[in-house]
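Residue strings, one per chain:
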Amino acid sequence: MWTNYIHGWQDRWVVLKNNTLSYYKSQDEREYGCRGSLCLSKAVFTPHEFDVCRFDVSMNDSVWYLRAENPDLRQQWIETIELHKAESGYGSESSLRHHGSMVSLTSAASGLSTTSTSSFRKDHSLREKLAEMETFRDILCRQVNTLQKYFDNCASGDYRDEYHRDRVEDDEDDFPTVRPDGDCLLNNNSSKEKLFPSSSPRGPTGIDFKGEAITFKATTAGILSTLSHCIEIMVKREERWQRRLDKEMERRRKAEDAYKSALTELKKKSHYGGPDYEEGPNSLINEDEFFDAVEAALDKQDKIEEQSEKCRTPRPITLSPDTYCSLSRTELHLFDFIQVEEMVQSHMTYSLQDVGGDANWQLITEEGEMKVYRREVEENGVVLDPLKATHAVKGVTGHEVCHYFWDTAFRNDWETTVEHFTVVEALSDQAVIIYQTHKRVWPASQRDVLYLSVMRKILSTNENEPDTWLVCNFSVDHDSYAPSSRCIRAKINVAMICQTLVSPPEGNKEISRDNILCKITYVANVNPGGWAPASVLRAVAKREYPKFLKRFTSYVQEKTSDNAILF
């Protein structure tokens, strides 16, 4: 399980029980209670896109980053969790549809009720006017129907008058006699015929056309007035909603500004949280952000180191028995002896060569007597740039420089990048196998290295040339310290080559430290393993190697200033 950006992945005991996923620090600590738990009904499980052993469990803002030992175990965990959710009623499709439907219905009913009540309360005037419009519509429809009947009757009356006039012209001799009641006419064949109702001021069927017209006009005037009132209300509402929209847009603008500001601050910080921001080809951090994070972490380490140096007190130079994991005062094994001789001869042949010619060494730093060179080399996308530094230090000998560089008793006094080291095996008085872990510089992964360190004196074959002292550190394998998933195993091949130059004193004076000068050649071939941007590795090397040489040589000068000269 991913714990935090300092400790990274840690082993944890995870338990799936009663629809709950819980984790403990270890199986033995279950009785002390779990460190955290998630309910499966609300959790979302996501297999990682690139890491075949990892899957994430998220619920709301909480995210667990889990990593199995192998892809098969991850798949087994995922299938078990999905099966457990299905059996508990949260994973089946039917149950999901059922719960979703109930939620939708409840939400819809609740939302409708709330909306209707609030709308009636806020828009009371508009609803009243709309009700008035509905009343006017009913009145207007009845009036239209009444007028339509009137027009229909008028049309029917005109047709009958025309028909009656034609009958009178055809039968002039048989003009009917009007009876006293005026309702019927008697024609020449003594038959009765119903007359059309006589005209009256109220019009056909007794409709008051003038009154209906006045009422119609009043109704339409009321409709127009109500419409005008509705428009005024809607304009006011539009103005109110416009003000709300302006306020909402202002809030959104402020929120966007705050988001941009927070994002900018987040990019400045060296902590993003979560394994997705770690070193790797699929890291969410781009190269510039990776570089900034590493720079910030290194600056922080420098400040801590400065404070610790101020508070550091001299300590006795003794080897503690606990320092050694396994001491075996035996001679070098045959294989180790052959490997050491090959490395020593290689460094004496190639490392002391001049930086000119076809070697393609590039000068990257020059501070006084110290010069640092680099050759750009990449293999399968991994930066393997060899580094070479030359320096001249007054007042110390090559034997003293190599002694303090090789002896682990002084390692913590000048080495600031090592978190912990252990002497795995002492092969001889001047050859040991060392395992050490380096301090993590986030977002880069933590590195460890297992190497054989040997110190040798190389006698000069020329009387005019001084003897050479050499410390060679190169990676080896050991059964007790196999590579683990917690650190990336780096490979190194480093040499510190020193020669002592003596200026004869005047007269019969004894040689003092003012008469000696140590020429140092330091070479480093490091394969960091893993993945990191090439520009970041090169920038860090350019920054850290000169600091290391200056710090180490200053330490040697300080330690030897009051001691007898050791040639």
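This structure is a prediction, so every number in the text was calculated from the model and none was measured. (Residues numbered from 1 in each chain as written. Predicted model: local features only at pLDDT ≥ 70, side-chain atom pairs only at ≥ 80, totals over all residues. Heavy atoms only, no water.)

A. Structural view of the overall build of the protein chain. Each helix and strand counted, the protein chain has nine helices and 23 strands in total. In the protein chain, buried positions account for 34% of the 567 residues. At a minimum sequence separation of 6, the contacts of the protein chain that also span at least 24 residues come to 59%. (Helix = DSSP H or I, 4+ residues; strand = E, 2+ residues; numbered from the N terminus. Buried < 20%, exposed > 50% of the residue type's maximum accessible area, 1.4 Å probe, protein only. Contact = heavy atoms within 4.5 Å.)

B. Representation of the packing of aromatic side chains within the structure. A full pass over the atoms with the stated rule returns 12 aromatic pairs. Ring centres of Phe405 and Tyr522 lie 6.3 Å apart, and the angle between their planes is 85 degrees; on these two criteria the pair is classed as edge-to-face. With Phe405 in helix 7 (residues 398-406) and Tyr522 in strand 23 (residues 516-527), this residue pair connects regions lying 117 residues apart in the sequence. Note on Tyr522 and Tyr545: the rings are 6.3 Å apart at their centroids and 45 degrees apart in plane angle, and the pair reads as tilted. Pair noted here: Tyr522 is in strand 23 and Tyr545 is in helix 9 (residues 534-560), with a separation of 23 residues, a long-range link. According to the relative accessible area criterion, Tyr522 is buried, its value standing at 8%. Put simply, the rings of Phe405, Trp414, Tyr522, Tyr545, Phe548 and Phe552 pair up and form one aromatic cluster. (Phe/Tyr/Trp six-rings, centres within 6.5 Å; stacked < 30°, edge-to-face > 60°.)

C. Representation of the sheet that holds strand 6 (residues 44-47) in the model. What the three strands build is an open sheet, ordered 6-7-8; its pairing is antiparallel. Single-partner strands in this sheet number two, and they are strand 6 and strand 8 (62-67). Across the sheet, the mean angle from the axis of one strand to that of its neighbour is 20 degrees, orientation sign disregarded. Bridge count between strand 6 and strand 7 (residues 54-59): four bridges; the pairing is antiparallel. For Pro47, the partnering residue across the bridge sits in strand 7 and is Phe55. (Pairing = 2+ DSSP bridges. Axes fitted to C-alpha atoms, helices over the stretch in contact; angles between N-to-C directions.)

D. View of helix 1 (residues 71-87). Given a rise of 1.5 Å per residue, 17 residues ought to cover 24 Å, and the 24 Å separating the end C-alpha atoms of helix 1 matches this to within 8%. Every buried residue belonging to helix 1 is among Arg74, Ile78, Ile81 and Lys85, and all of these are buried. Viewed along the axis of helix 1, the buried residues span an arc of 65 degrees, placing them on a single side of the element. Facing away from the buried side of helix 1 by over 90 degrees, the exposed positions are Asp72, Leu83 and Glu87. Against strand 3 (13-17), strand 6 and strand 7 lie the buried residues of helix 1. Measuring from the backbone nitrogen of Asp72 back to the side-chain oxygen at the start of helix 1 gives 3.2 Å, which picks out Asn70 as the cap. (Expected span 1.5 Å × (residues − 1). Arc of directions from axis to C-beta. Polar contact = N/O pair within 3.5 Å; in protein donor to acceptor, adjacent residues only side chain to side chain.)

E. Fine view of the nonpolar core. Judged by nonpolar contacts, the single largest core of 40 residues is most densely connected at Val401, Phe405, Met496, Tyr522, Phe548 and Phe552. Broken down by element, the residue count for this core peaks at six residues, all from helix 9. The contact partners of Phe405, leaving out residues within four places of it in the chain, are Arg411, Trp414, Val471, Asn473, Met496, Tyr522, Phe548 and Phe552. In this structure, Ile433, Cys472, Tyr481 and Val523 belong to the second largest nonpolar core, which totals 19 residues. (Core = buried A, V, L, I, M, F, W, Y, C linked by side-chain atoms within 4.5 Å.)

F. Structural detail: the sheet that holds strand 5 (residues 36-39). Reading across from one edge, 3-4-5 is the order of the three strands in this open sheet, with antiparallel pairing throughout. Each edge of the sheet is formed by a strand with only one pairing partner; in this case those strands are strand 3 and strand 5. With direction set aside, neighbouring strand axes in the sheet form an average angle of 15 degrees. Against the sheet, helix 1 touches strand 3 and strand 4 (20-24), its axis set at about 30 degrees to strand 3.

G. Molecular detail of the confidence of the model for the protein chain. Residues of the protein chain with pLDDT of at least 70 account for 71%, and the chain-wide mean is 75. Predicted confidence for residues 172-202 stays below pLDDT 50, and this span has 27 contacts to residues more than four positions away or in other chains. Contacts from residues 314-332, a stretch scored under 50 in pLDDT, to residues over four places away or in other chains number 35 contacts. (pLDDT = per-residue confidence, 0-100.)

H. The arrangement of the UniProt feature "coiled-coil region" (unreviewed entry) in the protein chain in detail. Within this numbering scheme, the UniProt entry marks residues 238-265 as carrying the feature "coiled-coil region" (unreviewed entry). The distance from the first to the last C-alpha atom of residues 238-265 is 40 Å, and the span holds 100% helix and 0% strand. (UniProt positions renumbered as here; feature names shortened; annotations may be inferred.)

I. Expanded view of the side chain of Thr437. Tracing the chain through its elements places Thr437 in strand 18 (residues 431-438). Apart from residues lying up to four places away in sequence, Thr437 is in contact with Val418, Glu419, His420, Gln446, Arg447 and Asp448.

J. Examining the pairing of strand 12 (residues 362-367) more closely. As defined by bridge partners, strand 12 adjoins strand 13 (residues 370-374) across five bridges and the pair is classed as antiparallel. Among the inter-strand pairings, Leu363 is bridged to a residue of strand 13, identified as Tyr373. Hairpin connection from strand 12 to strand 13: two residues lie between these consecutive antiparallel strands, with Gly368 at a positive phi of about 65 degrees.

K. Examining the environment of His84 more closely. Note on placement: His84 falls in helix 1. Judged by its relative accessible area of 21%, His84 falls in the partly exposed class. Along the backbone, His84 and Asn19 are 65 residues apart, and their C-alpha atoms lie at a distance of 7.0 Å. If we ignore the near neighbours within four places in the chain, the residues touching His84 are Leu16, Asn18, Asn19 and Leu40.

L. The pattern of salt bridges, seen in detail. In the structure shown here, the tally under the stated rule is 17 salt bridges. Salt-bridge contacts for Lys371 lead to Glu366; the nearest nitrogen and oxygen are separated by 4.0 Å. Using a relative accessible area of 48% as the deciding quantity, one classes Glu366 as partly exposed. Between Glu367 and Lys550 there is a salt bridge, with its nearest N and O atoms 3.2 Å apart. (Salt bridge = Lys/Arg side-chain N within 4 Å of Asp/Glu carboxyl O.)

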